Each structure stands twice: as C-alpha cells, then as structure tokens.
Amino acid sequence: MTSNLPVDGSTPQLMELIHQYYPANMRQFAEGYSESEQYQRLVRARQEALRNSGPWERVVSMLTEALPDCRVEDWSALFSNDNCWRVRVYLPEVPQLQGGGQEVRAVVVLVSILAPVYVRYSSFRELFDRKWRNRRLFYEDVPETKSVAGKVEALVGSELGVQPLPQHALFTPVPDIECGTRSLGEAQLIDCLFTYDRW
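Treat the numbers as computed from the prediction; the structure is a model and nothing was measured.

Rules used throughout
Here, residues in each chain are numbered from 1, in the same order as that chain's written sequence. Local features in a predicted model are, by the rule used here, given only for residues with pLDDT of at least 70; side-chain atom pairs are given and counted only at 80 or more, and totals for whole chains, interfaces and linings are based on all residues. The side-chain quantities take in all heavy atoms of the structure and omit both hydrogens and water. Each helix corresponds to a stretch of at least 4 residues labelled H or I by DSSP, and each strand to a stretch of at least 2 residues labelled E; elements are numbered beginning at the N terminus. Definition used in this section: a nonpolar core is a set of buried Ala, Val, Leu, Ile, Met, Phe, Trp, Tyr and Cys residues joined via side-chain atoms within 4.5 Å. Under the scheme applied here, a residue whose accessible area is under 20% of the maximum for its type counts as buried, over 50% as exposed, and between as partly exposed, the area being computed with a 1.4 Å probe on protein chains only. Contacts are residue-level and defined by heavy atoms, with any inter-residue pair within 4.5 Å sufficient. Multiplying one less than the number of residues by 1.5 Å gives the expected span of a helix. Here the arc refers to the set of directions running from the helix axis out to each C-beta atom. By this definition, two strands are paired if DSSP reports at least two bridges between them.

Asks: For this particular structure, what's the right way to read unusual backbone geometry?
Replies: Even without glycine at this site, Asn25 takes up a positive phi of about 55°. By the element assignment, Asn25 lies in the loop between α1 (11-18) and α2 (37-51). Even without being a glycine, Arg130 presents a positive backbone phi close to 65°. Checked against the element boundaries, Arg130 lands in the loop between β4 (117-128) and β5 (131-138).

Below, the structure is given as structure tokens:
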C-alpha cells in the first residue's frame, strides 16, 4: 500500500524521504529532471501503487457501506502529479445559502503512497448557478463534519495501517523541491507527500 521505508512520522525523517523522490534545487522542466534517479523512483512508486490498488478499492467500498447516507467518491489521480489515494465523503446535509446557493460539505482523506501516513480535512464549498466559489478547508476538527470524519479516519487507519500526519508537520516548508504547481521555495510537506491540488 505504502512505502516499505520505516517512517516514524518525524518531520526530519519525512523530509529525508521526500528528497528520495524529488531532485533538490531543480526545476521540473529542466534538462535531466525526468531522467533523474529521484524522479524515476517517484514514477515507479506511482506505477506500483496503481498495480496494487486492491486494498484502497476495498476501503472505498467499505466507506460506501458504512456511510449509506453520504456520497463516497474516489478522486485518486496517481496517473497525474499526485502521490496519494484520495477519497471525498460528501455529507447528506446541504445547507441553503442566501442568494440561492448551497454549501457542499465533504470529509477528504489523502493516503500517501510514499509513507504510511494520511491527512484528513473538511472541505466547504459554495455552489451558485453551477459555479463553485469560496472554498474553505479545515485541517482541524469542525463540528459540522466531526462525526463523519471520525468514522472515515477510523476505517482508513485500521484497514491500511496508516497514521495521521501531525498537523504541525503538514505545512513544513520544503524550499529546495519543486512539486506540481509549487515552485522552488513554495512547496510544503503536504504538497510532496500527498498532493498540491487540495479542494
């Protein structure tokens, strides 16, 4: 499911791990980037995860069964720049907003394919006339999603043997790595271990 490398969740160890998959101080479109040992290792990790997707697919099925009132969607995109499995669990309650819009709420879990860690957040987005706006992400517990988030986390953790990445580590800068749309100096641990595309 995830890397066999022993990871205790400490920030220094995770930083060292990231540097095994991303060449340091190198632009993604620079000559030699795609051929680098690190990038080739990352490509192989994504391919291996895709070949062994059974445990993840079972988790998504189990979530669908365990939360019949919610809509469970697998948004994993390992064929792109993501380094994680991703599930979005939409809450059944959709509050109406002033002006005719709706607030769509979801619990999102990202499970890294590089280390046995995951992150969970709540996503609140407003929908007006089929257009999304005002995205808000909460990495801490919020009352509106707490009960569903607890069930999702318990199932993901027990079935996949992964641990939550402490919140203090999530946004640790990784200044010498370029990741997705994050240029050198902009990337954070959460971008590299999981995905920069969070919504």
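Asks: Sorry if this is basic, but what is going on with the environment of Pro55 here?
Replies: Along the chain, Pro55 falls in helix α3 (residues 54-66). The spatial distance from the C-alpha of Pro55 to the C-alpha of Arg130 is 34 Å, given a sequence separation of 75 residues.

Asks: For this particular structure, what's the right way to read the nonpolar core?
Replies: Nonpolar side chains in soluble globular proteins tend to be buried together. One finds Tyr22, Val89, Val111, Val152, Leu193 and Phe194 to be the most contacted residues of the largest nonpolar core, which totals 55 residues. Considering each element in turn, this core owes the most residues, six residues, to helix α4 (residues 146-160). Beyond its immediate chain neighbours, meaning those up to four positions away, Val111 contacts Trp56, Asn83, Cys84, Trp85, Val117, Tyr118, Val156, Leu160, Val162 and Phe194.

Asks: Can you walk me through α2 in this structure?
Replies: Helical periodicity: at 3.6 residues per turn, an α-helix aligns residues three or four positions apart in one direction. Its 15 residues give α2 an end-to-end C-alpha distance of 21 Å, which sits within 8% of 21 Å, the value for a rise of 1.5 Å per residue. When α2 is considered as a whole, its buried residues turn out to be Leu42, Ala45, Arg46 and Ala49. An end-on view of α2 places all buried positions within 95° of arc, on one side of the element. The exposed residues of α2 that point more than 90 degrees off its buried face are Glu37 and Arg51. Where α2 is buried, its residues touch β2 (84-90).

Asks: Even after reading the chapter, I still don't get the pairing of β5, so can you show me in this structure?
Replies: Successive side chains on a regular strand alternate, one facing one side of the sheet and the next facing the other. With six bridges connecting them, β4 and β5 associate as antiparallel partners. By the bridge assignment for β5, Ser122 is matched with Phe138. The antiparallel hairpin formed by β4 and β5 contains two residues in its connecting segment, where Asp129 sits at a positive phi of about 50°.

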